[in-house]
Amino acid sequence: MSDSPSTSSQQTHYWEARPEQSTILVVDDNLNNLQLMCDVLEKQGYQVAIAQTGEQALEIAPITNPDIILLDIMMPGIDGFETCERLQEHPQTQAIPILFMTALSDTVSQVKGLTLGAVDYITKPIKQAEVLARIEVHLALRKAQVELIQNEKMAALGQMVAGVAHEINNPV
């Protein structure tokens, strides 16, 4: 990671935009990458869960219910592509935004990752400010999506209650 937010206003901006206590699952087989991402994310106030393999990610994600998953592609065992695919198939994890963080920078890999359901693709070497900005954007999008679904549910419930009240007040 090379660049960091250069002013405190940028750091405040990250803090204000995300929901309180957002959890991020970082999946990478490289311990140095894991430690670096954990340090960066925890400094910004995120809760961090880690996995070193795709298999661990598949076990941890339903338990921790992270707000975002940062996923490496090249890992032993099942790779990031297959991990993403399996997370997308699982009802409990399919709505979690997945951001690939990988050294694979070719277009074919990027398109494959996005086609499998990832919402973003970040190439290594990682730039700290870029990662934090992308996380912020995807947290805001997820929050807006959840709020929209809640509003739609409440509107439907309101219409149903109005219909029942109408039927009670105007019997056939």
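Residues numbered from 1 in each chain as written. Predicted model: local features only at pLDDT ≥ 70, side-chain atom pairs only at ≥ 80, totals over all residues. Heavy atoms only, no water.

Enquirer: For the overall build of the protein chain, give the residues involved together with the corresponding values.
Expert: The secondary structure content of the protein chain amounts to six helices and five strands. Helices and strands in the protein chain line up, N terminus first, as α-β-α-β-α-β-α-β-α-β-α. With 172 residues in all, the protein chain has 36% of them scored as buried. When the accessible area of the protein chain is evaluated, it comes to approximately 9600 Å², of which 55% is carbon and sulfur surface. (Helix = DSSP H or I, 4+ residues; strand = E, 2+ residues; numbered from the N terminus. Buried < 20%, exposed > 50% of the residue type's maximum accessible area, 1.4 Å probe, protein only. Areas by Shrake-Rupley, 256 points an atom, 1.4 Å probe, with all protein chains shown as cover.)

Enquirer: How would you sum up a nonpolar patch on the surface? Please name residues and give values.
Expert: A contiguous nonpolar patch, built from Met-154, Leu-157, Met-160, Val-161, Val-164 and Ile-168 and spanning about 600 Å² of accessible area, is present on the exposed surface. Mapped onto the fold, Met-160 is located in helix H6 (residues 128-169). Residue classification places Met-160 among the exposed residues on the basis of a relative accessible area of 52%. (Patch = residues over 30% accessible without salt bridge, like charges linked within 9 Å, V, L, I, M, F, W, Y side chains within 5 Å. Salt bridge = Lys/Arg side-chain N within 4 Å of Asp/Glu carboxyl O.)

Enquirer: Hey, could you go over the sheet that holds strand S1 (residues 23-27) for me, with residue numbers and the actual values?
Expert: Read across the open sheet, the five strands follow the order S2-S1-S3-S4-S5; overall the sheet is parallel. Each of the sheet's edge strands pairs with one partner strand only, and the pair in question is strand S2 (47-51) and strand S5 (120-123). Going across the sheet, the axis of each strand differs from the next one's by a mean of 20 degrees, ignoring polarity. Note that S1 and strand S3 (residues 68-71) share four bridges and pair parallel. Paired with Ile-24 across the two strands is Ile-68, which belongs to S3. Strand contacts of helix H3 (residues 54-64): S1, S2 and S3, with the helix running at about 150 degrees to S2, the strand carrying the most contacts. Here helix H4 (residues 80-89) sits on the sheet in contact with S3 and strand S4 (98-102), set at roughly 175 degrees to S4. (Pairing = 2+ DSSP bridges. Axes fitted to C-alpha atoms, helices over the stretch in contact; angles between N-to-C directions. Contact = heavy atoms within 4.5 Å.)

Enquirer: Could you give an account of unusual backbone geometry, naming the residues involved and the relevant values?
Expert: Of the consecutive residues Lys-124 and Pro-125, the connecting peptide bond is found in the cis state with omega at 5 degrees. For Pro-125, the position within the fold is in the loop between S5 and H6. Its identity as a non-glycine residue notwithstanding, Asn-65 has a phi of 45 degrees, on the positive side. Take Asn-65: it is sitting in the loop between H3 and S3.

Enquirer: Outline the packing of aromatic side chains, listing residues and values.
Expert: One pass over the structure, following the stated rule, counts two aromatic pairs. Ring centres 5.6 Å apart and planes at 70 degrees place the aromatic pair Phe-81 and Phe-100 in the edge-to-face group. Within this pair, whereas Phe-81 is found in helix H4, its partner Phe-100 is found in strand S4, the two being separated by 19 residues in sequence. Phe-100 carries the same exposure label as Phe-81, and that label is buried. Ring pairing ties together the aromatic residues Phe-81, Phe-100 and Tyr-121, which thus form one cluster. (Phe/Tyr/Trp six-rings, centres within 6.5 Å; stacked < 30°, edge-to-face > 60°.)

Enquirer: Quick one: what's the story with the packing of H3 against H4, residue by residue and with numbers?
Expert: Axis separation between H3 and H4 bottoms out at 9 Å; the angle between their running directions is 20 degrees. Here H4 runs roughly parallel to H3, going by the angle between their axes. The element H3 and its partner H4 pack so that their crossing is right-handed. Facing Gly-54, Ala-57, Leu-58 and Ala-61 of H3, the residues of H4 in contact are Thr-83, Arg-86 and Leu-87. A class-by-class count of the residues in the contact of H3 with H4 yields four nonpolar, two polar and one charged. (Parallel < 35°, antiparallel > 145°, perpendicular 65-115°, else oblique. Left-handed = near helix turned anticlockwise from the far one by under 90°. Nonpolar A, V, L, I, M, F, W, Y, C, P; charged D, E, K, R; others polar.)

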